[in-house]
Amino acid sequence: MKLGGRNARWLVAGIGLIPFVALCVAAATGSLGADPPEKILNETGEWALRTLILSLAITPVRRWTGLSGLAPHRRTFGLLAYFYASLHFSSYLVFDLGFDWGELGHSIAERPYITVGFATWLMLTPLALTSTRRAIRRWGRRWTVLHRLAYGAVCGAVIHFLWSVKADPTEPLIYGGL
């Protein structure tokens, strides 16, 4: 199997969905712990950040190792990041706000970590929507410029995580260092 071949991309996507499947199994078996909504919110947020960092790490790793076959996996990890970020946002909307769109607007306006988190999700949205080969060809050089939003998104995700922790900031700082 080639490093960047179609089968490898499916394998990477499948592996990237394991945390989602594990959450679903834990939810179905009632083993999410004392606060299931909080567990879902935290897990989806952390996996969004992890996969976003992995997508951005592909380029330097590819340059240092010469493994050009890694390049297609940027898209896979980027789409996984958007998937987990969307689950994270949806979890907040459902569990914390009860689908109250007015409260969402209030939270975005009044709570800086929510503002940054929502802005980060908004930055990821056009990246996911333009991740197709057709969009890459159609947008040309503008596609590259647009996809630099990923760097702003990872910074926003780290800030969101840092501002949302209530005690020890070590973990978000480690992600920030990465």
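Coordinates for the structure precede this section.
First, a word on what this report is: a plain description of the structure on this page. Here the residue numbering is sequential within each chain, running from 1 through the sequence in written order. Residue-level local features of this predicted model are given only where pLDDT is at least 70; pairs of side-chain atoms are given and counted only at 80 or more, and the full residue set underlies all totals for whole chains, interfaces and linings. Excluding hydrogens and water, the side-chain figures rest on all heavy atoms present in the structure.

1. Here's the deal with the pattern of salt bridges
Piece 1. Salt bridges are counted wherever a side-chain nitrogen of Lys or Arg sits within 4 Å of a carboxyl oxygen of Asp or Glu. For the structure on display, the rule yields two salt bridges.
Piece 2. Note that Lys 39 is salt-bridged to Glu 43, the shortest N-O span being 3.5 Å. Pair noted here: Lys 39 and Glu 43 are both in helix α3 (residues 36-65), with a separation of four residues, about one helical turn.
Piece 3. Close ionic contact of Arg 50 with Glu 46 constitutes a salt bridge, the shortest N to O distance being 2.8 Å. Here Glu 46 and Arg 50 lie together in helix α3, a separation of four residues that amounts to about one turn.
Piece 4. Three exposure classes are used, based on accessible area relative to the maximum for each residue type with a 1.4 Å probe and protein chains only: buried under 20%, partly exposed in between, and exposed over 50%. Assessed through its relative accessible area of 15%, Glu 46 is described here as buried. Secondary structure elements follow DSSP: runs of H or I of four or more residues count as helices, runs of E of two or more count as strands, with numbering from the N terminus.

2. Brief notes about the packing of helix α9 (residues 149-164) against helix α10 (residues 170-177)
When two helices pack together, you describe them by how their axes are tilted relative to each other and by the distance separating the axes.
Piece 1. Lines are fitted to the C-alpha atoms to define the axes, a helix being fitted only along its stretch in contact, and any angle between axes, read from their N-to-C directions, falls within 0 to 180 degrees. For the pair α9 and α10, the least separation of the axes is 8 Å and the interaxial angle reads 165°. By the criterion of interaxial angle, the relationship of α9 to α10 is roughly antiparallel. Between α9 and α10 the crossing geometry is left-handed. On the side of α9, the interface is formed by Val 158, Phe 161 and Leu 162, while α10 contributes Glu 171, Pro 172, Leu 173, Tyr 175 and Gly 176. Angle categories are assigned with fixed cut-offs, so that under 35 degrees is roughly parallel, over 145 is roughly antiparallel, 65 to 115 is roughly perpendicular, and the rest are oblique. The sense of a crossing depends on the near helix, which, turned anticlockwise from the far helix by less than a right angle, makes the crossing left-handed and, turned clockwise, makes it right-handed. Contacts are residue-level and defined by heavy atoms, with any inter-residue pair within 4.5 Å sufficient.

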